[in-house]
Amino acid sequence: ANAWYMIVLIISYLSFFCIFRFAKRNSTSQKITLFFFSQLVVILLYYLSDYDSYWYVSNLAFTLGMVWAHKKGKIDALLQARYIKYLIIVCTLFCLFYAAPWVAEHTANPSGFAMWFRTLCRLISTPLSVAVEMILIFKLKPKMRLWDRIGKISLEIYLIHGLVWSILRSSFVYIENELAWT
């Protein structure tokens with residue numbers, strides 16, 4: 001029942017491996033762009049196959065992590081120079097994309113477009129929520145023993161993430177808020 005999480009990861013890592021293995025002549029930026037488009041194809045296939053949104057809604061966060069790692073020096077320089085400006089911009093974008101589906105659902109007739117629009121907004125708001133966290137951590141670097149301990153067991157946390165995610169949307173516990181759940 002919880003294998004979906006590992007399947008999604010395996011597909012993402014296979015795509016990553018194939019692109020970086022076989023596109024050797026391309027620059028890293030081009031490879032990341034190819035990976036982004038491969039993720040869009042996978043997302044579209046999941047969506048068209050009527051998979052639940054948790055199969056694909058956070059896939060673009062993987063790509064964001066790749067971009068962040070590749071351009072870390074430039075991103076750090078931008079944040080160092082204009083931290084508040086970028087924090088406000090990213091937070092505003094996140095809030096807009098997070099709230100847009102709710103506004104659409106409460107102002108228009110529910111339809112296929114409303115569902116498609118909701119999914120698109122979630123696909124954008126999920127990596128934006130990660131970006132907000134990364135920007136906050138840039139200045140608010142937590143130096144606590146808790147983070148050190150979590151770092152030592154991060155692989156285990158990573159591997160049981162799918163199980164926890166499923167439990168939080170079960171008959172035992174049900175987190176209704178989409179952001180809190182994803």
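Everything discussed here concerns the structure shown above.
Residues numbered from 1 in each chain as written. Predicted model: local features only at pLDDT ≥ 70, side-chain atom pairs only at ≥ 80, totals over all residues. Heavy atoms only, no water.

Novice: What exactly am I supposed to notice about the overall build of the protein here?
Specialist: For the protein, the helix and strand inventory stands at 8 helices and 0 strands. Buried residues in the protein amount to 29% of all 182 residues. For the protein, long-range pairs separated by at least 24 residues make up 67% of all intrachain contacts whose partners lie at least 6 apart in sequence. For the protein, the exposed area adds up to about 12,200 Å²; of that, 69% sits on carbon and sulfur atoms. (Helix = DSSP H or I, 4+ residues; strand = E, 2+ residues; numbered from the N terminus. Buried < 20%, exposed > 50% of the residue type's maximum accessible area, 1.4 Å probe, protein only. Contact = heavy atoms within 4.5 Å. Areas by Shrake-Rupley, 256 points an atom, 1.4 Å probe, with all protein chains shown as cover.)

Novice: What am I meant to see in the nonpolar core here?
Specialist: What tends to happen in soluble globular proteins is that the nonpolar side chains get buried as a cluster. By size, the foremost hydrophobic cluster in this structure holds 12 residues: Trp68, Ile75, Leu79, Tyr83, Leu87, Val90, Phe94, Leu128, Ala131, Val132, Ile135 and Phe138. Among the elements of the structure, helix H4 (72–107) and helix H5 (112–139) are those that each provide at least two residues to this core. At 6 residues, H4 tops the list of elements feeding residues into this core. Core analysis: the next-biggest nonpolar cluster, separate from the first, contains 11 residues, Trp4, Tyr5, Val8 and Ile43 among them. (Core = buried A, V, L, I, M, F, W, Y, C linked by side-chain atoms within 4.5 Å.)

Novice: What exactly am I supposed to notice about the packing of helix H2 (residues 28–48) against helix H3 (residues 59–70) here?
Specialist: Each pair of packed helices can be described by the angle between their axes along with the distance between the axes. At a closest axis distance of 9 Å, the pairing of H2 and H3 adopts a crossing angle of 175°. The pairing of H2 with H3 is recorded here as roughly antiparallel in orientation. Where H2 approaches H3, its residues Thr28, Ser29, Ile32, Phe35, Phe36, Gln39, Leu40, Val42, Ile43 and Tyr46 are matched on the opposing element by Asn59, Leu60, Phe62, Thr63, Met66, Val67 and His70. For the contact of H2 with H3, the per-class residue count stands at 11 nonpolar, 6 polar and no charged. (Axes fitted to C-alpha atoms, helices over the stretch in contact; angles between N-to-C directions. Parallel < 35°, antiparallel > 145°, perpendicular 65-115°, else oblique. Nonpolar A, V, L, I, M, F, W, Y, C, P; charged D, E, K, R; others polar.)

Novice: Sorry, what's going on with the environment of Arg122 here?
Specialist: By secondary structure assignment, the location of Arg122 is in helix H5. By relative accessible area, Arg122 is classed as buried at 10%. Between the C-alpha atoms of Arg122 and Phe94, which are 28 residues apart in sequence, the distance is 9.7 Å.

Novice: What's the story with H3 in this structure? I'm lost.
Specialist: Working note: α-helix, 3.6 residues per turn, so residues spaced by three or four point in the same direction. Between its terminal C-alpha atoms H3 stretches 18 Å, which fits the 16 Å expected from 12 residues at 1.5 Å a residue. Among the residues of H3, Asn59, Leu60, Ala61, Thr63, Met66 and Trp68 are the ones counted as buried. (Expected span 1.5 Å × (residues − 1).)

Novice: Please explain the pattern of salt bridges as it appears in this structure.
Specialist: Two side chains of opposite charge can pair, provided their charged atoms sit close to one another. For the structure on display, the rule yields 1 salt bridge. Asp76 is paired through a salt bridge with Lys72; the nearest N and O atoms lie 2.6 Å apart. Of this pair, Asp76 and Lys72 are both found in helix H4, 4 residues apart, which corresponds to roughly one turn of the helix. (Salt bridge = Lys/Arg side-chain N within 4 Å of Asp/Glu carboxyl O.)

Novice: Any chance you could explain the side chain of Thr63 here in plain terms?
Specialist: Positionally, Thr63 belongs in helix H3. Aside from chain neighbours lying at most four places away, what touches Thr63 is Ile32, Phe35, Phe36 and Gln39.

Novice: I keep staring at the packing of aromatic side chains and nothing clicks. Help me out?
Specialist: The description of an aromatic ring pair rests on the distance of the ring centres and on the angle between the ring planes. Enumeration according to the criterion identifies 13 aromatic pairs in this entry. The interplanar angle of 85° and the centroid separation of 6.3 Å between the aromatic rings of Tyr47 and Tyr56 together place this pair among those described as edge-to-face. Note on Phe94 and Tyr98: the rings are 5.6 Å apart at their centroids and 20° apart in plane angle, and the pair reads as stacked. Note that Phe94 and Tyr98 are positioned in helix H4 at a spacing of 4 residues, about one turn of the helix. Under the relative-accessibility criterion, Phe94 is labelled buried at 12%. Among the aromatic residues, those joined into a cluster by ring pairs are Tyr13, Phe16, Phe20, Phe35 and Phe62. A cation over a ring is seen here: Lys139 above Tyr83, with NZ or CZ 5.5 Å from the ring centre. (Phe/Tyr/Trp six-rings, centres within 6.5 Å; stacked < 30°, edge-to-face > 60°. Lys NZ or Arg CZ within 6 Å of the ring centre and 35° of its normal.)

Novice: Can you help me understand H2 in this one?
Specialist: Look at H2: 30 Å from first C-alpha to last across 21 residues, which is about the 30 Å you get at 1.5 Å a residue. Buried within H2 are the following residues: Lys31, Ile32, Phe35, Ser38, Gln39, Val42, Ile43 and Tyr46. All buried residues of H2 fall inside an arc of 145° around its axis, so they share one side. Downstream of H2 by a residue or two, Asp50 has a phi angle that is positive, lying close to 60°. (Arc of directions from axis to C-beta.)

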